[in-house]
Amino acid sequence: MSVEAHRELKKNQDLRITVMGLGHVGLPMALGLAELGWPTIGADEDSKKVASLSSGKSPFYEPGLQDLLSRHLNNGRFIPTDDLEGAIRASNVMFVCVGTPQRSNGEADLSQVESVARKIGRNLDGYKLIVEKSTVPVITARWIKKTVQRYAKVPVLTGPEGEDSGNAELEFDVASNPEFLQEGQALQNFFHPDRIVCGVESERAWEILEEIYRPLQCPVLRTDLNTAELIKHTANAFLATKISFINMVADLCEKVDADVTQVVEGIGRDPRIGPHFLSPGIGFGGYCLPKDVRAFVHMAETCGVDFSLLKEVERVNQQRVARFLSKVRNALWVLNGKVIGVLGAAFKPNTDDIREAPSLRIVEGLLAEGASLQLYDPNAMPGVRNVFPPENYPIRYCSSPYEVAEGAHAVLVLTEWEEFRGLDLLRLREAMDVPVLVDGRNVYRPEAVRAAGFEYISIGR
Ligand code: UDX
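S.K.: I'd like a description of the domain arrangement of the chain, backed by residues and values.
M.R.: Along its sequence, the chain is carved into domain 1 (3-223) and domain 2 (319-457). Look at where the C-alpha atoms of domain 1 and domain 2 centre, and you get two points 40 Å apart. Facing eight residues of domain 1, the contacting portion of domain 2 comprises 10 residues. With both chains or domains summed, domain 1 and domain 2 bury close to 670 Å², and 38% of this area falls on carbon and sulfur atoms. If you look at where domain 1 meets domain 2, you find one salt bridge. One salt bridge connects Glu183 with Arg355, and the closest N-O pair in it is separated by 3.5 Å. There are four residue pairs in polar contact (both at pLDDT 80 or more) connecting domain 1 and domain 2. Counted by class, the side of domain 1 that touches domain 2 contains three nonpolar, four polar and one charged residues.

Rendered as C-alpha cells:
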C-alpha cells in the first residue's frame, strides 16, 4: 500500500495518539508518528520545554529532529501541550515515554510512570490503550494496570479476560512496546527499525499497534507484557556486556602487543558474534546503558537471581576512566601545569548529551591533577560549560579543534565525532607545543598519525 493510500485509510480510523514525555525517546517518537501520518499530541509537564517546542525550537540536538518539528508544527500534525490531563482525555492511544531515573541503589524510580498512570485512571472516559515505552523493570505494566483501575472513577474492564463489571466503554489495555532508539540516530532507528516488540494482552491492543506501525514494514514480535519488558533490559545489558568484554580484550592486547581492531575483525566475521558494539574505548556512558545495567541487576536481585556477570560489566566500565587517565599520565609524566586539549565531550557522536559521559570524569581527573584544559565539542559545549563554568575552572572553551591544539602538551580524543576523523593532522601538530595524541576512541589509523609526526597512544593497539 502506498503511503498516501495508507494515510487515507487512517483518516477513517479513530486513533487519537498522545506521546507523554517529550525527552530523547518521546520527542523523536511523536514526530516520527506525525511523519507517518498520525496526528499526534506531545504532552510534557515541563511548560518551558513545551513553549520552546511550540515556538519551533527543539530542546536538544538530534539529527533531523528540528526539520520534522518545523514541518509538523506547521501542518498541525504535532501539537505540543503541557496539559497532560487534557491530552489524556483527547486521546485513546497513549505512549508513555516519561523518565525512569535511578535511585541511589540502582533501582529504577518509577514515580513519573506512576503519576501518568494515576492521571490516566482519573481521566478514563472510554477505551484507551496505554503503551509503555520507557525502559522499566518487569511487571511495571501490571502496576500501571492496577493503578489505572484504582484511580478510574468507575469500575472498568481490563483486557480480554476482564470480568463483567459493567461499563465496556471504559475498557482499557496496557501494552509494552519498548524503544530501541539510539541517541544521535533516533529518527533513523524510528523509520528503519530492525524489529518492533509489542507485548500485549488483547487482540484489540495488538491490532492498534500493528496498524500504527504498519508503514514501517519491519518484523513485529508479539509477546506477553513481561517478556516485552524483559527484552528491553536484556538488550541493553547484553550491549553493555559486549563493550566491557572488548575493553578487557583491548587491555590484554596492550600487554601482548596485539591489535584489538584486528581481533574484532577476526571474531566479528563469525555470524554468531557479529562486528557491532565491539569498539573499545573509555567506556559506555549516556542516560540508558549505565542506568539500565544497574536497574537490571537490582531487578534480578529482587527476584532472587544474582546477576553477578552484570556487576562485573559495570565494574569494568567504571575502571575505564582511571585506565585512560593513567595512559595520559604515562605519556606526559606530570600533569600539573600542563595544557591539555580535549576533543569531544558528548557521551557519543551526533548528540549534545553529556549524561554519564565518561569524558566528564576524565575532565574532572585532569583538573584534579592541576592541568588546564582547552575543550571543543561540535554540540555538547553548552552542557559542559554548565558543569565546568570557565569562571571556576581552568578550561578554555574553543571554537575549533585547531584552537584546542594551540600550545597544548597533548590532545585527547574523547568522542569519535566524524569532524575529528577528517582533521588536518599536520596543522594540528604544528599548533601544539608537544605532539602527543591520546585517542580514547581509536579514531585514527596509527600509521597515519605517526606519519604526521605524533606520538600516538590509542586503545588496545
Ligand atoms: C542505548 C541502546 O543502544 C539503545 O538501543 C537504547 O534504546 C538506549 O540505550 P544510546 O544510549 O543512545 O542507546 O547509546 P549507544 O549507542 O548504545 O552507546 C552507549 C555508550 O556505549 C556510548 O557511550 C558509546 O560511546 C559506548 N559504546 C558503544 C562503546 O564504548 N563501544 C561500542 O562498541 C559501542
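And the narrative resumes.
S.K.: Before we move on, can you summarise the site of the ligand with the specific residues and values?
M.R.: As a structural note, the neighbourhood of the ligand is formed by 19 residues, with Leu181, Gln182, Glu183, Ser279 and Lys348 the closest of them. Glu179 is positioned such that a nitrogen or oxygen atom in its side chain is 3.0 Å from an oxygen atom of the ligand. Between the ligand and Leu181 there is a distance of 2.8 Å, counted from an oxygen atom to a backbone nitrogen or oxygen. Here the shell around the ligand gets four residues from one element, more than from any other, and that element is helix H10 (residues 225-256). By residue class, the composition of the shell around the ligand is 10 nonpolar, four polar and five charged. Three or more residues apiece are contributed to the shell around the ligand by two domains, here domain 1 (3-223) and domain 2 (319-457).

S.K.: Could you give an account of empty space enclosed by the protein, with specific residues and numbers?
M.R.: The full count for this structure, using the stated rule, is one cavity of 30 Å³ or more. Every residue lining the largest cavity is listed: Glu132, Ser134, Thr135, Val136, Ser176, Pro178, Glu229 and Lys232. For the lining of the largest cavity, the residue count by class is two nonpolar, three polar and three charged.

S.K.: Account for the packing of helix H12 (residues 289-302) against helix H13 (residues 308-332), with residues named and values stated.
M.R.: Packing of H12 against H13 brings their axes to within 9 Å, and their N-to-C directions diverge by 150 degrees. As far as their axial angle goes, H13 and H12 are roughly antiparallel. Along this stretch, H12 crosses H13, giving a crossing that reads as left-handed. Here H12 contributes Pro290, Val293, Arg294, Phe296, Val297 and Glu301 to the contact with H13, which in turn contributes Leu310, Lys311, Glu314 and Gln318. Grouping the constituent residues of the contact of H12 with H13 by class yields five nonpolar, one polar and four charged.

Calculation criteria
Residues numbered from 1 in each chain as written. Predicted model: local features only at pLDDT ≥ 70, side-chain atom pairs only at ≥ 80, totals over all residues. Heavy atoms only, no water. Domains from an automatic or database assignment. Contact = heavy atoms within 4.5 Å. Buried area = accessible area lost by both parts, 1.4 Å probe. Salt bridge = Lys/Arg side-chain N within 4 Å of Asp/Glu carboxyl O. Polar contact = N/O pair within 3.5 Å; in protein donor to acceptor, adjacent residues only side chain to side chain. Nonpolar A, V, L, I, M, F, W, Y, C, P; charged D, E, K, R; others polar. Near = heavy atom within 4 Å. Helix = DSSP H or I, 4+ residues; strand = E, 2+ residues; numbered from the N terminus. 1 Å grid on protein atoms, 1.4 Å probe; cavity = no way out; pocket = protein on both sides within 12 Å on 5 of 7 lines; lining within 4 Å. Points joined across faces, edges and corners; volume = space filled by probe spheres on them. Axes fitted to C-alpha atoms, helices over the stretch in contact; angles between N-to-C directions. Parallel < 35°, antiparallel > 145°, perpendicular 65-115°, else oblique. Left-handed = near helix turned anticlockwise from the far one by under 90°.

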